[in-house]
Amino acid sequence: MSDDDEAVVDARGERCPLPVIRLARVVAERPGVRVVTVLATDPAAAHDVPAWCRMRGHLFVEARAEAGHTAYVVEVVTPSTPAGVP
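The shown structure was predicted, so the numbers you read here are calculated from the model rather than taken from an experiment.

Draft legend 1. Up close: the pairing of strand 4 (residues 69-75). With five of seven residues buried, strand 4 lies mostly within the body of the structure. Taken together, the six bridges between strand 2 (residues 35-40) and strand 4 define a ladder with antiparallel strand orientation. Within strand 4, the position partnered with V36 by the bridge is V74. In this structure, the hairpin formed by strand 3 (residues 59-66) and strand 4 is closed by a connection of two residues, where G68 is found at a positive phi of approximately 80°.

Draft legend 2. Inspection of the pattern of salt bridges at higher detail. Within the structure shown, the criterion is met by five salt bridges. Of the charged contacts, one joins R12 and D10 as a salt bridge, the two residues approaching to 2.6 Å between their closest N and O atoms. Among the residues examined, R12 registers a relative accessible area of 41% and is labelled partly exposed. On the basis of relative accessible area, D10 is assigned to the partly exposed category, the value being 33%. Linking R64 and E66 is a salt bridge whose minimum nitrogen-to-oxygen distance equals 2.9 Å. With a relative accessible area of 32%, R64 lands in the partly exposed category. Salt bridges linked by common partners bring E62, R64 and E66 together as one network.

Draft legend 3. Structural context of the packing of aromatic side chains. If you walk through the whole model with that rule in mind, you get one aromatic pair. With 6.5 Å between their ring centres and 40° between their planes, F60 and Y72 make a pair best called tilted. Taken together, the positions of F60 in strand 3 and Y72 in strand 4 put the pair twelve residues apart, joining distant regions of the chain. We classify F60 as partly exposed; its relative accessible area is 31%. On the basis of relative accessibility, which here comes to 5%, the residue Y72 falls in the buried class.

Conventions used here
- Residues numbered from 1 in each chain as written.
- Predicted model: local features only at pLDDT ≥ 70, side-chain atom pairs only at ≥ 80, totals over all residues.
- Heavy atoms only, no water.
- Buried < 20%, exposed > 50% of the residue type's maximum accessible area, 1.4 Å probe, protein only.
- Helix = DSSP H or I, 4+ residues; strand = E, 2+ residues; numbered from the N terminus.
- Pairing = 2+ DSSP bridges.
- Salt bridge = Lys/Arg side-chain N within 4 Å of Asp/Glu carboxyl O.
- Phe/Tyr/Trp six-rings, centres within 6.5 Å; stacked < 30°, edge-to-face > 60°.

Next comes the structure, spelled out in structure tokens:
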């Protein structure tokens, strides 16, 4: 995987819904991105990131505790479509 395939969204210190908004922006603005890692301190991200993945058809890979924050790893599925839309 190249650097263009991966992105990190540093949303530490930001509150809901900003981590998911920033995740969505990266996916929309970088069509070649395959994996996005969201770094977040907001506990709501534990629910918001997986829910966003389900709604948009992406794969929620994992959440891992790191020093002072959690890293949420998302595999971007192309094309991105909302659930229930053909």
